[in-house]
Each structure stands twice: as structure tokens, then as C-alpha cells.
Amino acid sequence: MVVSVDRMERGQGKKSALKEIEEKYGFKTTSIVTMAEVVEHLYNKPYKGQIIIDDKLKAAIDAYYEQYGAE
């Protein structure tokens with residue numbers, strides 16, 4: 001199964017939702033891009049003249065993944 005963006009969130013346990021799908025249904029999962037890659041690409045870099053992910057938003061994203069991110 002291919003998903004466009006791996007949001008890198010936990011499923012029901014500590015593993016990622018995609019890893020849980022692999023284990024439960026027995027088929028490979030992969031993503032085109034991960035949220036870590038999206039954040040890295042946009043962090044403090046201009047896109048159409050604007051910074052999309054600044055320090056404040058990056059801190060909020062990091063806090064979100066600290067709470068909900070997969071291990």
C-alpha cells in the first residue's frame with residue numbers, strides 16, 4: 001500500500017499506524033514523502049516569498065510529535 005504522506009503518528013500502540021497495518025494485514029506499506037521530509041524542506045525556507053514553517057510553527061510541530069509521534 002502506498003500513501004502520499006506518512007504523518008508519522010502512532011497507531012493504537014507505540015508503533016506507527018503504517019507499521020501496524022503491515023503487521024495486521026501482512027502487506028508492505030510505504031509513503032511517497034514523510035512529514036519529517038516536508039518539515040525539513042520547508043523549515044525557514046521561503047516559498048513564494050513567505051516562510052511557511054518558521055521557528056514558532058516548528059516548535060509546535062515538534063511538540064505534537066513528542067506527544068503523538070510513533071517511536
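Residues numbered from 1 in each chain as written. Predicted model: local features only at pLDDT ≥ 70, side-chain atom pairs only at ≥ 80, totals over all residues. Heavy atoms only, no water.

(A) Summary view of helix α3 (residues 55-68). In a regular helix each residue adds 1.5 Å, so 14 residues correspond to 20 Å; α3 covers 20 Å between its end C-alpha atoms and thus fits that length. A distance of 3.3 Å separates the backbone nitrogen of K56 from a side-chain oxygen at the start of α3, and that oxygen is part of D54. (Helix = DSSP H or I, 4+ residues; strand = E, 2+ residues; numbered from the N terminus. Expected span 1.5 Å × (residues − 1). Polar contact = N/O pair within 3.5 Å; in protein donor to acceptor, adjacent residues only side chain to side chain.)

(B) A look at the packing of aromatic side chains. A full pass over the atoms with the stated rule returns three aromatic pairs. Taking the centre distance of 6.2 Å and the plane angle of 25 degrees together, the rings of Y25 and F27 count as stacked. For Y25, a relative accessible area of 53% translates into the label exposed. For F27, a relative accessible area of 36% translates into the label partly exposed. A centroid spacing of 4.9 Å and a plane angle of 40 degrees characterise the contact between Y64 and Y68, whose relative ring orientation is tilted. Here Y64 and its partner Y68 are both found in helix α3, four residues apart, which amounts to about one turn of the helix. In this structure Y64 comes out as partly exposed when scored by relative accessible area, which is 33%. Note that K58 overlies the ring of Y43, its terminal NZ or CZ placed 5.6 Å from the centroid. (Phe/Tyr/Trp six-rings, centres within 6.5 Å; stacked < 30°, edge-to-face > 60°. Buried < 20%, exposed > 50% of the residue type's maximum accessible area, 1.4 Å probe, protein only. Lys NZ or Arg CZ within 6 Å of the ring centre and 35° of its normal.)

(C) Quick look at the side chain of E9. Note on placement: E9 falls in the loop between β1 (2-6) and α1 (17-25). At a separation of 3.0 Å, a polar atom in the side chain of E9 contacts the side chain of R7. The contact partners of E9, leaving out residues within four places of it in the chain, are K15, S16, A17, Y64, Y65, Y68, G69 and A70. (Contact = heavy atoms within 4.5 Å.)

(D) Up close: a nonpolar patch on the surface. On the surface, M1, Y25 and F27 cluster together into a nonpolar patch covering about 320 Å² of accessible area. Here F27 lies in the loop between α1 and β2 (30-34). (Patch = residues over 30% accessible without salt bridge, like charges linked within 9 Å, V, L, I, M, F, W, Y side chains within 5 Å. Areas by Shrake-Rupley, 256 points an atom, 1.4 Å probe, with all protein chains shown as cover. Salt bridge = Lys/Arg side-chain N within 4 Å of Asp/Glu carboxyl O.)

(E) Looking closely at unusual backbone geometry. Even without a glycine there, the phi angle at M8 is positive, about 60 degrees. On the secondary structure map, M8 appears in the loop between β1 and α1. With phi around 55 degrees, N44 is a residue other than glycine that occupies positive phi space. Within the secondary structure layout, N44 lies in the loop between α2 (35-42) and β3 (46-47).

Read these as geometric descriptors, not functional statements.
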